[in-house]
Amino acid sequence: MLEITDIVTSYGKIEALKGVSLSVAQGEITCLLGPNGAGKTTTMMTVAGLLKPRRGNVTFEERNITGRDPGHIVQSGIALVPENRLVFPDMTVHDNLRTGAYSRSDNEIEDDIEHMFERFPRLHERQLQHAGTLSGG
């Protein structure tokens with residue numbers, strides 16, 4: 001399903017990833033675990049198209065998505081969920097949730113948001129609150 005083969009990604013002259021390979025089969029759950037600076041975030045940002053690798057390939061469902069535009073990658077079915085407080089702070093919680101699904105129909109989006117509100121009732125209570133004012137807990 002997802003195949004990362006020998007990717008090398010750099011920040012300027014600094015090589016953050018040096019030949020990373022990873023394979024995730026359909027139905028598997030995979031965790032990237034390691035200390036700060038190990039390349040976890042860089043790997044995910046490369047898969048999501050936010051960073052372009054200098055070398056290597058990223059294949060999703062047998063299609064090469066290496067270096068593709070992030071919008072194309074989202075359309076193919078891959079999304080990166082930001083860590084920490086990487087939200088649009090001046091937008092509401094509800095608007096932040098909608099932004100992540102811009103390529104889908106309104107009905108699909110609202111159904112999924114309602115499902116998230118069922119799983120996380122506190123988000124439902126705070127859906128009109130600016131996301132930047134949430135505690136992050």
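Predicted model, so just to flag it, every value in this text is computed and none were measured.

Some thoughts on the sheet that holds strand 2 (residues 14-24)
Pairing is antiparallel across the open sheet formed by four strands, whose spatial order is 2-1-3-4. A strand with exactly one partner marks an edge of an open sheet, and here the two such strands are strand 2 and strand 4 (63-64). As judged from the five bridges shared by strand 1 (residues 2-11) and strand 3 (residues 55-60), these two strands associate in the antiparallel manner. Paired with Glu3 across the two strands is Thr59, which belongs to strand 3. Helix 1 (residues 40-47) rests against strand 1, strand 2 and strand 3 of the sheet, and its axis sits at about 110° to strand 1.

Thoughts on helix 1
All buried positions along helix 1 are accounted for by Thr42, Thr43, Thr46 and Val47. Projected down its long axis, helix 1 shows its buried positions confined to an angular sector of 135°, all on one face. Tucked inside the fold, the buried residues of helix 1 contact strand 1, strand 2, strand 3 and helix 2 (70-76).

Quick word on the pairing of strand 2
For strand 1 and strand 2, the ladder comprises eight bridges, and the chain directions are antiparallel. From the neighbouring strand, Ile4 faces strand 2, where its bridge partner is Leu22. As consecutive antiparallel partners, strand 1 and strand 2 are separated by two residues, and within that stretch Gly12 has a phi angle of approximately 65°, a positive value.

Thresholds applied
Residues numbered from 1 in each chain as written. Predicted model: local features only at pLDDT ≥ 70, side-chain atom pairs only at ≥ 80, totals over all residues. Heavy atoms only, no water. Pairing = 2+ DSSP bridges. Helix = DSSP H or I, 4+ residues; strand = E, 2+ residues; numbered from the N terminus. Contact = heavy atoms within 4.5 Å. Axes fitted to C-alpha atoms, helices over the stretch in contact; angles between N-to-C directions. Buried < 20%, exposed > 50% of the residue type's maximum accessible area, 1.4 Å probe, protein only. Arc of directions from axis to C-beta.

As far as function goes, none of this settles anything; it's purely spatial.
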